[in-house]
Amino acid sequence: MLMGVRVMIRLLVTATVFHSIWAADPPTLDNGIAELPLVDCMEDRVKLTFKTQRPFHGRIFVKGMVDKQNCVRDFVTNQAKDVTFELENGACNMRRQRMLGPEKRGMEMSMTIIISFHSTFITKVDRAYRCTCFYMEADKVVTNKFDVSMLPTTDLIDTARMPLCTYSVRRDSVTGPIVEYAKVGETVYHVWNCESDMFSMLVHSCFVDDGNGDERKPLLDEHGCAIDPLILPDLSYNKENNVAYAQVNVFKFADKISTYFQCAVSTCMNTEGMCDGKTPPRCGPGGSFSSSNNNNFNRRARRATIDRLSNRTTVNWVHLADTMDLAANKITVFELEEKQDREDPPHLAIVQGHQPVICLNQSRIQLFFIFSFLMLILVTVFTIFTLRRTIAVQRKCELNA
């Protein structure tokens, strides 16, 4: 019995040593960001300045553009704690959005910067910062002095507030929830809305990109007409022409999971016929194209010049001052589900089928192994004790005999 207890104590000590080894924290880079970085919006570039705890020997790059040499900067030989990273406006797929709102009127430039302390891998101490610069348009007032009489004048000023316009991709209906995740082929609604009864709008110059600058495809031309109706059809406008929408089947770029949509929206005031002939665009029957030509893309290309002289919207909205860029939320699109052939043998179906996956974190895995090890120890000690007792009883019986 004493021998069994000693064996059990030794095994418990061994298990404790194994647990202390398993539970030890892995080594990490002995560096980090000392304080919040500063963004300086310069005339032609954006400058990011930050300070690290120790000299920075990693690299800085624009998210999604690590394979572009001009978007990555290495600091392998750097010996300073203060680090600066500059990027020209519009470079490295910097997102550009023209805004025309009651409080913000101008151009917004944004990008995500990754500060990586390792020269190759993304580690625990790395940080990502969303840098945004807004360049406000200056209001210019032109005056000319012209005195006619000494009569006092009273200024009567009425300022029409610019409408607040939004672009969203929604599920189920034009007022449904905003889509963030979708599957290829799922039906969604692209919705443009300007919250004003005084203004009408025209949606035009739309495109979709993958967020990395590798793929960018136009969806609506400068007149607001669909370029590829199988992807995005011509838009439908409400009676007031301040809401437009299109029902679309979700699509994605090959081997990419993210899609970004952006459009230009031009507005005009409804008073005195200022919007007549401008919106909605004439893209379907009676316009430049009939519905029978929607699938003939080669003919569209050949008639690109004729479009400018046809019965389409004749006003060049792109050059109007009241034009803003609207971007929808990023959409993560999942791949098509793989369909199995019914004639496949059962063993192939098991290999290719979707099996349930159980995820365990590291601490739970450690506890599981420790518990199993202790149970094994207890079973072993109990078995040894039982065998020794059985042998002792047998020897006692033999002596008595």
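Above this text is the structure in question.
Quick notes on the rules
- Residues numbered from 1 in each chain as written.
- Predicted model: local features only at pLDDT ≥ 70, side-chain atom pairs only at ≥ 80, totals over all residues.
- Heavy atoms only, no water.
- Buried < 20%, exposed > 50% of the residue type's maximum accessible area, 1.4 Å probe, protein only.
- Helix = DSSP H or I, 4+ residues; strand = E, 2+ residues; numbered from the N terminus.
- Pairing = 2+ DSSP bridges.
- Core = buried A, V, L, I, M, F, W, Y, C linked by side-chain atoms within 4.5 Å.
- Contact = heavy atoms within 4.5 Å.
- Axes fitted to C-alpha atoms, helices over the stretch in contact; angles between N-to-C directions.
- Disulfide = S-S within 2.5 Å.

## Brief notes about the pairing of strand S16 (residues 258-269)
Step number 1: The buried fraction of S16 amounts to 11 of the 12 residues, a majority that puts the element mostly inside the structure.
Step number 2: Sheet topology note: the strand S12 (residues 199-209)/S16 ladder contains nine bridges and is antiparallel. In the sheet register, Val208 faces S16, and the bridge partner there is Phe261.
Step number 3: Judged from the two bridges that link them, S16 and strand S18 (residues 331-334) form a sheet pairing that is antiparallel. Note on S18: the bridge partner recorded for Ser258 is Thr332.
Step number 4: Bridging between S16 and strand S17 (residues 323-327) involves five bridges; their strand directions are antiparallel. Looking at S17, one finds that Val265 is bridged to Met324.

## Structural notes on the sheet that holds strand S15 (residues 243-249)
Step number 1: Taking strand neighbours across the sheet as the criterion, the four strands line up as S9-S11-S15-S14 in an open arrangement whose pairing is antiparallel. The open sheet has two edge strands, strand S9 (165-171) and strand S14 (236-237), and neither has a second partner.
Step number 2: In this structure, S14 lies alongside S15, joined through two bridges in antiparallel fashion. Paired with Ser236 across the two strands is Tyr245, which belongs to S15.

## Concerning the nonpolar core
Step number 1: Counting 33 residues, the largest nonpolar core has Trp192, Val203, Leu235, Phe261 and Val265 as its most contacted members.
Step number 2: Contributions of two or more residues to this core are made by S9, strand S11 (187-194), S12, strand S13 (216-220), S15, S16, S17 and S18.
Step number 3: In terms of residues, this core owes the most to one element, S12, which gives five residues.
Step number 4: Apart from the residues lying within four places of it in its own chain, the contact partners of Val203 are Trp192, Leu220, Gly224, Leu235, Tyr237, Ala244, Cys263, Ala264 and Val265.

## A word on the sheet that holds strand S2 (residues 45-51)
Step number 1: Taken in spatial order, the three strands of this open sheet run S1-S2-S5, and their pairing is antiparallel. With partners counted over all chains shown, the strands left at the sheet margins are strand S1 (38-41) and strand S5 (82-88), one partner each. Along the sheet, successive strands turn relative to each other by an average axial angle of 15°, direction set aside.
Step number 2: Examined bridge by bridge, S1 and S2 share four bridges and lie antiparallel to one another. Within S2, the position partnered with Cys41 by the bridge is Val46.

## Some thoughts on the environment of Leu219
Step number 1: Position of Leu219 among the secondary structure elements: in strand S13.
Step number 2: Accessibility expressed as a relative area gives 8% for Leu219, which makes it buried.
Step number 3: Placed 10 residues apart in sequence, Leu219 and Pro229 show a C-alpha to C-alpha distance of 8.5 Å.
Step number 4: The contact partners of Leu219, leaving out residues within four places of it in the chain, are Cys206, Phe207, Val208, Cys225, Ala226, Ile227, Asp228, Ile231, Leu232 and Phe261.

## Some points on the state of the cysteines
Step number 1: Going through the model one piece at a time under the given rule, you end up with six disulfides.
Step number 2: Between Cys41 and Cys133 runs a disulfide, and the two sulfur atoms are separated by 1.9 Å. The S-S bond linking Cys41 to Cys133 shows a torsion near -90°; that makes this disulfide left-handed. With Cys41 in strand S1 and Cys133 in strand S8 (residues 127-136), this pair connects stretches of sequence that are 92 residues apart.
Step number 3: Residue Cys41 is classed as partly exposed on the basis of its relative accessible area, which comes to 36%.
Step number 4: Look at Cys133 and you get buried, because its relative accessible area is 1%.
Step number 5: Linked covalently through their sulfurs, Cys165 and Cys194 form a disulfide whose S-S length is 1.9 Å. Linking Cys165 and Cys194, the disulfide has an S-S dihedral of approximately 110° and is accordingly described as right-handed. In this pair, Cys165 sits in strand S9 while Cys194 sits in strand S11, placing the two residues 29 residues apart along the sequence.

## Overview of the environment of Met42
Step number 1: Residue placement: Met42 occurs in the loop between S1 and S2.
Step number 2: For Met42, a relative accessible area of 28% corresponds to the partly exposed category.
Step number 3: When the C-alpha positions of Met42 and Glu86 are compared, they lie 9.8 Å apart, and in sequence the two are 44 residues distant.
Step number 4: Leave out the neighbours within four places in its chain, and Met42 touches Lys47, Asn89 and Tyr135.

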